[in-house]
Amino acid sequence: MRRKTSKEAARAENFWPVFLVWTLPWAVGIPLAAHLGQFLPATPPASPEEATSAAIQFVLTLAVFIALIRLFGTRLLVIGSIITVGVGTMVFFNAVVGIDAVSSFLAAVLLVVFAQTIRALWYHNGLIVLGLLGLGLALGSMFSAEVFLGLLVILSIYDLIAVRSGFIPNLVHDMAKKHEPIYVLLLIPQTWPEWISLNKKSRLRVIGTGDIFAPLLLLAALAGSGQVTAAWICFFGAVFGVIGNIALIHSEHFKRGIPALPLVTIGVLIAYVLAALLH
């Protein structure tokens, strides 16, 4: 039997932290959305007109956001991400945990403020995941799964263009160089002790929050509307996409990052069709 090289062993060791951080919000979000969906009115399937309107509004919003970043720089993205994580955390405490609105707001503010003083990656990533779950569960209950499936395809196209053109890699590089709090990225260290304390030589893997949030919206919409089995089938489709992405991340040909959403979206689309056929 051939023994693993040191490089192969390192890749195997680095697989699980990236895989778990990427997929855990989905695995947690599905049962939470199913539970919350019991108390919410059913969301009817979107008509072609509603789906088209939602897609156009989303594209226009995305275009305006990109234009603002180009005009005002990464500082706008930093402030926006802090506010977004704070709002998502507040929604999570209020809607999921059941804390009153005022207490949820105060708890979210304290957690975000504390994040400015502690640099531990477990806290950084945990706070972002909490915010993503809060926003994902709330927004996932507002529209049908068809709308989010269309938005997932649109975002995948954007992700492919933005990464290959260098827009997203350059943006991340600028934020890292300025040592700004990057709440649009989950940061994965290569060793477990680095989750608590980083050193100057630490090398981090990054996952864009959109790569987790966009599929989460679809999964939450499915589970929240009672289609829990379909949500889990789509979850496993997304997982196959994640595994493919991790394989690409370890490839020497993609040192500047990869567009992660396309593979995840392909897995979800195949799983969505399969779930429809099994229904």
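Computed from a predicted structure; not experimentally measured. (Residues numbered from 1 in each chain as written. Predicted model: local features only at pLDDT ≥ 70, side-chain atom pairs only at ≥ 80, totals over all residues. Heavy atoms only, no water.)

Got a minute to help me understand the pairing of strand 1 (residues 185-188) in this structure?
Note on strand geometry: in a regular strand, side chains alternate between the two faces of the sheet. Here strand 1 shows no split at all, with Leu-185 and Leu-187 on one side and Leu-186 and Ile-188 on the other all buried. Direction of pairing for strand 1 relative to strand 2 (residues 205-208): antiparallel, over a ladder of four bridges. Bridge pairing in strand 2 places Leu-186 opposite Ile-207. (Buried < 20%, exposed > 50% of the residue type's maximum accessible area, 1.4 Å probe, protein only. Helix = DSSP H or I, 4+ residues; strand = E, 2+ residues; numbered from the N terminus. Pairing = 2+ DSSP bridges.)

Please clarify how the packing of aromatic side chains should be interpreted in this entry.
How two aromatic rings sit relative to each other is set out by the distance from centre to centre and by the angle between their planes. According to the stated counting rule, one finds nine aromatic pairs in the structure shown. Both rings, one in Trp-232 and one in Phe-235, keep their centres 5.3 Å apart while their planes meet at 80 degrees; by these two values the pair is edge-to-face. Here Trp-232 and its partner Phe-235 are both found in helix 9 (residues 228-249), three residues apart, which amounts to about one turn of the helix. Residue class for Trp-232 comes out partly exposed when judged on its relative accessible area of 30%. (Phe/Tyr/Trp six-rings, centres within 6.5 Å; stacked < 30°, edge-to-face > 60°.)

Is there a simple way to think about the environment of Glu-146 in this case?
Tracing the chain through its elements places Glu-146 in helix 6 (residues 145-164). Sequence spacing of Glu-146 and Leu-222 is 76 residues, and the spatial spacing of their C-alpha atoms is 9.3 Å.

Is there a simple way to think about the side chain of Thr-23 in this case?
Inspection of the secondary structure puts Thr-23 in helix 1 (residues 6-37). In contact with Thr-23, other than residues within four places in its own chain, are Phe-235, Val-239 and Val-242. (Contact = heavy atoms within 4.5 Å.)

I keep staring at the packing of helix 4 (residues 101-115) against helix 5 (residues 121-140) and nothing clicks. Help me out?
When two helices pack together, you describe them by how their axes are tilted relative to each other and by the distance separating the axes. At a minimum axis separation of 10 Å, helix 4 and helix 5 run at an interaxial angle of 150 degrees. In terms of axis orientation, helix 4 runs roughly antiparallel to helix 5. Considering how the two elements wind past one another, helix 4 and helix 5 form a crossing that is left-handed. Facing Leu-111, Val-112, Phe-114 and Ala-115 of helix 4, the residues of helix 5 in contact are Tyr-123, Leu-127 and Leu-130. Residues that form the contact of helix 4 with helix 5 fall into these classes: seven nonpolar, no polar and no charged. (Axes fitted to C-alpha atoms, helices over the stretch in contact; angles between N-to-C directions. Parallel < 35°, antiparallel > 145°, perpendicular 65-115°, else oblique. Left-handed = near helix turned anticlockwise from the far one by under 90°. Nonpolar A, V, L, I, M, F, W, Y, C, P; charged D, E, K, R; others polar.)

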